[in-house]
Amino acid sequence: MSSPKAHRYVPLEGEALVAHNMKVLRKAARLSQEDLAERMTRLGFKFHQTMVAKIESGNRLLRFDEVVGLAKALNVPAANFMTEAVAGPDEPDYELQEAGYRVQKAEQEWKTAHDIEQGARARLDEAEREYDEIADRLAAQGVDVGPDATGPEWYPAPNSPWDPLGKGPSTGQ
């Protein structure tokens, strides 16, 4: 006769816990094993897809620095990564976990777009300032810079949206 304790759930610990979390978090983030290996390589570890597969299957031991690196590569706190099991695909929280990764990704995309916008705005402001300085200098030298100090009529920059010879969508070329 089997013991009633034999059917109880045994919580994951140590490397088994890290391997579980790594696999679940990797899939929730929609990263392939190759993607995770590449992220680890960018963090300074010599990782490849087969190493990730071996870790997830429990066939490769982990060093502490690799565990910390994996947590960083998966954007999770190392302490939680090593001590708390995350929801697996068959658990209700898994869907919420996946949605959280999508929110994080969208926030990062928005931040990147915002940074690009700020950089473009700064370059535009600098170009306008430089243009105004040159126009003022030329006007002081007696050069006719055009009505209302807007300068002479300019042709659009090549390949700009206003370039009639450009290959943009508005020209139909």
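Residues numbered from 1 in each chain as written. Predicted model: local features only at pLDDT ≥ 70, side-chain atom pairs only at ≥ 80, totals over all residues. Heavy atoms only, no water.

Draft legend 1. Fine view of the overall build of the protein chain. The secondary structure content of the protein chain amounts to 6 helices and 0 strands. Listing the helices and strands of the protein chain from first to last along the sequence gives α-α-α-α-α-α. For the protein chain, buried positions account for 25% of its 173 residues. Counting only carbon and sulfur atoms, one obtains 57% of the accessible surface of the protein chain, whose full area is about 12900 Å². (Helix = DSSP H or I, 4+ residues; strand = E, 2+ residues; numbered from the N terminus. Buried < 20%, exposed > 50% of the residue type's maximum accessible area, 1.4 Å probe, protein only. Areas by Shrake-Rupley, 256 points an atom, 1.4 Å probe, with all protein chains shown as cover.)

Draft legend 2. Up close: the environment of Ala87. Looking at where Ala87 falls in the secondary structure, it is placed in the loop between helix 5 (78-83) and helix 6 (93-140). Relative accessible area serves as the criterion here: at 7%, Ala87 is assigned to the buried category. Spatially, the C-alpha atom of Ala87 lies 8.8 Å from that of Leu25, the residues being 62 residues apart in sequence.

Draft legend 3. Just the side chain of Glu56, in detail. With respect to the helices, strands and loops of the structure, Glu56 is situated in helix 3 (residues 49-57). By relative accessible area, which is 13% here, Glu56 ends up buried. Side-chain polar atoms of Glu56 contact the side chain of Arg26, separated by 2.6 Å. A distance of 2.9 Å separates a polar atom in the side chain of Glu56 from a polar atom in the side chain of Gln33. Not counting the four nearest positions on each side in its chain, Glu56 is found in contact with Ala19, Met22, Lys23, Arg26 and Gln33. (Polar contact = N/O pair within 3.5 Å; in protein donor to acceptor, adjacent residues only side chain to side chain. Contact = heavy atoms within 4.5 Å.)

Draft legend 4. Summary view of the nonpolar core. In this structure, Met22, Phe47, Leu70, Leu74 and Phe81 are the most contacted members of the largest nonpolar core, which totals 24 residues. Secondary-structure elements contributing two or more residues to this core are helix 1 (14-28), helix 2 (33-42), helix 3 and helix 4 (64-73). Element by element, the count of residues in this core is highest for helix 1, at 5 residues. Not counting chain neighbours up to four residues away, the residues in contact with Phe47 comprise Ala37, Met40, Thr41, Val52, Ile55, Glu66 and Leu70. (Core = buried A, V, L, I, M, F, W, Y, C linked by side-chain atoms within 4.5 Å.)

Draft legend 5. A look at the pattern of salt bridges. Evaluation of the coordinates by the stated rule reveals 9 salt bridges. Between Arg60 and Glu66 there is a salt bridge, with the nearest N and O atoms lying 2.9 Å from each other. Note that Glu66 and Arg63 form a salt bridge whose closest N and O atoms lie 3.5 Å from each other. Looking at Arg63, the relative accessible area reads 45%, which means it is partly exposed. Each of the salt bridges in this network shares a partner with another, and the network as a whole consists of Arg60, Arg63, Asp65 and Glu66. (Salt bridge = Lys/Arg side-chain N within 4 Å of Asp/Glu carboxyl O.)

Interpretation note: all reported values are geometric properties and have no functional meaning in isolation.
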